[in-house]
Amino acid sequence: MKKILFVLPLFALACSPSSLKQKPVTLDELMIEVRNTSREIAFTNKQAGFFYTETSAPHRTGWQGWTIMSTMMMSDYQIAVDGHQIKRSDVRRVQVFPHQFRRDYVDGTQETVTLLDSVDALVVELDKLKGTNLTAAPLFSDSQNPGDYLVRYSDGVLLFARKRHLMRSDRENYPVWIGFTVTGGFHVDSSSHSQNRLFAPTTLEFAAHQGRSALIMVAEETEARTAALAKTVAENYPVLIARRRERMERLLQKSFLRVNDEQYEKALAWAKISMDALIMNQVKKGIFAGLPWFSNYWGRDSFISLPGASLVTGNYSEAKEIIRSFAEWQEKNPQSRYFGRIPNLVTTTSISYNTTDGTPLFVNALYEYVNYSGDSAFARTLYPVVRRAIEGSLRYRIDKNIFLTHEDAETWMDAVGPDGPWSPRGNRANDIQALWMKELNIGSLLAHAFHEETNANRWDSLGQIVYNNFQRMFVDTSAGVVFDHLRPDGTPDKQIRPNQLLTLDFIENPETKRLVFRNVTQRLVYPHGIASLSQDDENFHPYHHFEPHYVQDAAYHNGIVWTWLAGPWIQTACELGLPNLAFEVTKNMTHQILERGAVGTLSELVDAVPRPGEKEPRLSGAISQAWSLAEFIRTFYQSYLGISVDAVNRHLWFFPQLPDDITNLAFNIHIGDTELPIEYERSSGGARVTLGPMDTPSPLQLDIGIPVGGNKGRLCRLTLQPKTRIVLSVNEDGFKKESQDSTEVRSSMQPLAAFEDLQDIHLATPIVRPGLNALKDPLHRILSNAEVKLSGIHATLLCDMSDRAGDDNGSGSYLYPLTQSLKPGSLDITYCSVRADDRNTYFMLQFRNLSDPGWHPEYGFQLTFVAIAIDKDGVIASGGSEIGRNAHYSLPKGFGFETIIYIGGGVRVEDDRGIVLAEYVPASGDERNPLGSVANRTIEFSIPTDVLGVPQKSWRYAVIVGAQDDHGGAGIGDFRSVEALATEWTGGGKKRPKDANVYDVLIQK
């Protein structure tokens, strides 16, 4: 066990732990009120569905709406009273509870919204209605064509389905039908209508029942099941809502916690609820990495999250099922280069193994699960998985130093762009080696336990080799730095990154460890979190979104703050006797949970620096991130409380490292089948500790370390018997047992390590240095939305060409990627026109269809990628012939372009050498006049003459169309790859590897 250090408490009690213990936690006291602004909200149903909306504003992103099985079922709903729409801009206040939220409108109307547990149902209760005639309509962003929807009426339920959902593949298990019903009955208005980019195929009309009504929305696979579910929910929704509330209150009571810091206590309760909401049952049991766009299971995220998500709160059954799920998904093919790996990503339709850290994190999670639960039988069952994981790495993925090797983007810093990884980490990253050493150590322990001595000794020996080589090749003792990674040639990368924090347990010299911690803290740790790259680095990006200077993924791991990284830093800060310093970061996260961003949760990212004129850095990334929440929870138990457990041997350590703000607590700790209540009351020279009673029949060994003044701490050791309650008063002079029982307590004084070299440590101050490369203006011209969206209706027609529909199959056999976000026909060009006047050239592209998943409303479309090559001189062998950006397409002989335009996440103009001449990068607000229109199935834009040149009638045009791949980080994108077999995000049907990634071509003759 790691040595835990003590700090001297400075303040006496604010109230007694007994009074705290008498207050059960209720959802009512967790209510967060939102006024004078709008905050995001996201609820899940603990299965495969979530509802993401705004408290007090219309939806601002296409990710908002009701999603099930990673499929957007409904973008929104609309309610009107006596012909007047209920507008969220008219909300006076919103009260958000963990299980539901309520909007109070200025006219007195109340709207309460609840996503039910374990069923795909959304309930909207309307109270204090001021009218009698009500209408309700579902809103969709897929299409504004009524012919794309099926509408049915069945025994009091209005049913909707998208026709394309009826053709889903066997692997896609999302609901097809949505049912609407209203308490009190309704009739149907068959007229459809549009609202901005949303469409209502039809509308319900109903009368308010005694000033209140409930609108029930459900989703199911068939019409009959949808209608039946709607009626069941309508009849029972008050009971179902009560059950949801009761489940959450049981969860909070199981991990009971009261702290004299009310804000921190409330934030911890919300974090537990929000974290539990991400433990889902989509395909199998797992953890959603984050909402809204990570509604799937990531191995890395799951196992970093597991201790805080399930173990410290005693939720062992779900932890076990999550571990079992990933064990079943392990790559078991010995011929695969991924042999032994645990998946990086599991979606509703695919499994990917493209990460290195998920596998050792899985092994560590299994070990921690056994420590907390005592379930050694499960470890024996999964030992073959551990053995396969280690042997797969030894067979395919180690170098001569026994370091674990990987690709440049196979660590948690995994963002990839058109030109490769944005933050390349060589083939031997420092955190990967730390995880590998831990995996070998755990594997050796398990092998010993299960009498495989050959493997145990071999893995232990290999772990020692890695450890020695790590000290030699990664640790710079004089500078206090752990090199971030080794390049393929063996040279170290010296960028200052937070990954050093993940290696501190494997630094041999304690003084070096403290120096590394000091350097990381003073260069990377801001009050609002830990930055991903030092602000002194030339590649530092202070903001996540800063178009048009760079796309968001360029900044993803190159400067901005990752909320989850606070966990390992807080852990070390407390171990080094610095809980007050650690709590500065914790308080900022508390502030975010209660007062910023999505209600009651933590974001994935935070900008490194506030924007000019703003007081706080902006939140970014996923609005609710699992590992952010889990680490916030875990550090309370393992860092501030200093809890360690060994359930197999029935042993618990309690070495509190509390900041001055926390003076007394009452909480439950889980170890195996034991729930141990503890009350802790601090004083200026010691503490009062109350233990038990516990219900389990087995005794529990405890080591309790209490700071008692100066540089001294008192260690108390005892065996707690079942149904026994012990009260200890501990100070420098010794201890006093206030309870009347026969328990023997052994006590000794322990010197406390006082690190004088850390007493002046401070957090970094975020700044933006002048001349920062990331903020310099691009070398090429940046076009505005106003410049590229000029109308050329009266301009001279230069090119007018059509293409038959239905030929979007590449060489004849190409299939679209399987994602339902890419609608059929979106890669099928049917018409192109070019017009010009003396100032601009105007392009219009017509498609058989266009897709708009809503991820970037400023584009107006997505997942279609186009290149327009322009042959200006008509000279054979003059100009370029190869289309770039992963097209792998050559123009016919005799067609050579001098200029090429790429259209995807914006517009980019290049010459035939690939030099960028000008670019349009869509920004927030451009959705008012976007490039594409799904309704018209067109993409239209203009290019100034001083960029493109003066158009001539002799110019020839070639239009090349494929699927867009923006690599998850926005930007102009590339042509998405086509392979032999189609997957969720890869096209299929390619017969030869060198064939083009192009679906349709239109060339002017």
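First, a word on what this report is: a plain description of the structure on this page. Keep in mind that this is a model prediction, so the values were computed, not measured.

1. Digging into the nonpolar core
If you look at the biggest cluster of nonpolar residues, it comprises 228 residues, and the most contacted ones within it are Trp66, Met275, Phe303, Phe362, Trp569, Leu652 and Phe654. Among residues more than four places away in sequence, those in contact with Phe362 are Phe303, Ile323, Phe326, Ala327, Ile342, Leu382 and Val385.

2. Here's the deal with the environment of Gln759
Checked against the element boundaries, Gln759 lands in the loop between strand E49 (745–751) and strand E50 (781–783). Under the relative-accessibility criterion, Gln759 is labelled exposed at 57%. Counting along the chain gives 182 residues from Gln759 to Gly577, while the straight-line C-alpha distance between them is 9.7 Å.

3. Here we look at the sheet that holds strand E16 (residues 187–189)
Spatially, the five strands line up as an open sheet ordered E7-E6-E12-E19-E16, and their pairing is antiparallel. Of all strands in the sheet, those with a lone pairing partner are strand E7 (84–85) and E16, marking the two edges. Where strand E6 (residues 76–81) and strand E12 (residues 133–139) come together, six bridges link them in antiparallel fashion. Residue pairing across strands places Tyr77 opposite Pro138, the latter belonging to E12.

4. Thoughts on helix H14 (residues 626–640)
With 15 residues, H14 extends 20 Å from end C-alpha to end C-alpha; this agrees with the ideal 21 Å at 1.5 Å per step. If you look at H14, its biggest bend is around 35°, right at Arg634. Of all 15 residues that make up H14, 15 are buried, and the element is covered over most of its length. Looking one or two residues beyond H14, the residue adopting positive phi is Gly642, at roughly 65°.

5. Digging into the environment of Lys231
Assignment of secondary structure puts Lys231 in helix H2 (residues 223–254). A sequence separation of 74 residues divides Lys231 from Val157, and the C-alpha atoms of the two residues are 7.7 Å apart.

6. Comments concerning the sheet that holds strand E61 (residues 938–944)
The strand order E51-E52-E53-E61-E60 describes an open sheet built from five strands, whose pairing is antiparallel. Edge positions in the sheet fall to strand E51 (796–802) and strand E60 (932–933), since each has one partner strand and no second. Inspection of the sheet shows E60 paired to E61 by two bridges, in the antiparallel sense. When the bridges of E61 are listed, Ser933 appears paired with Thr938.

Thresholds applied
Residues numbered from 1 in each chain as written. Predicted model: local features only at pLDDT ≥ 70, side-chain atom pairs only at ≥ 80, totals over all residues. Heavy atoms only, no water. Core = buried A, V, L, I, M, F, W, Y, C linked by side-chain atoms within 4.5 Å. Buried < 20%, exposed > 50% of the residue type's maximum accessible area, 1.4 Å probe, protein only. Contact = heavy atoms within 4.5 Å. Helix = DSSP H or I, 4+ residues; strand = E, 2+ residues; numbered from the N terminus. Pairing = 2+ DSSP bridges. Expected span 1.5 Å × (residues − 1). Bend = angle between axes of the 7 residues up to and from the residue.

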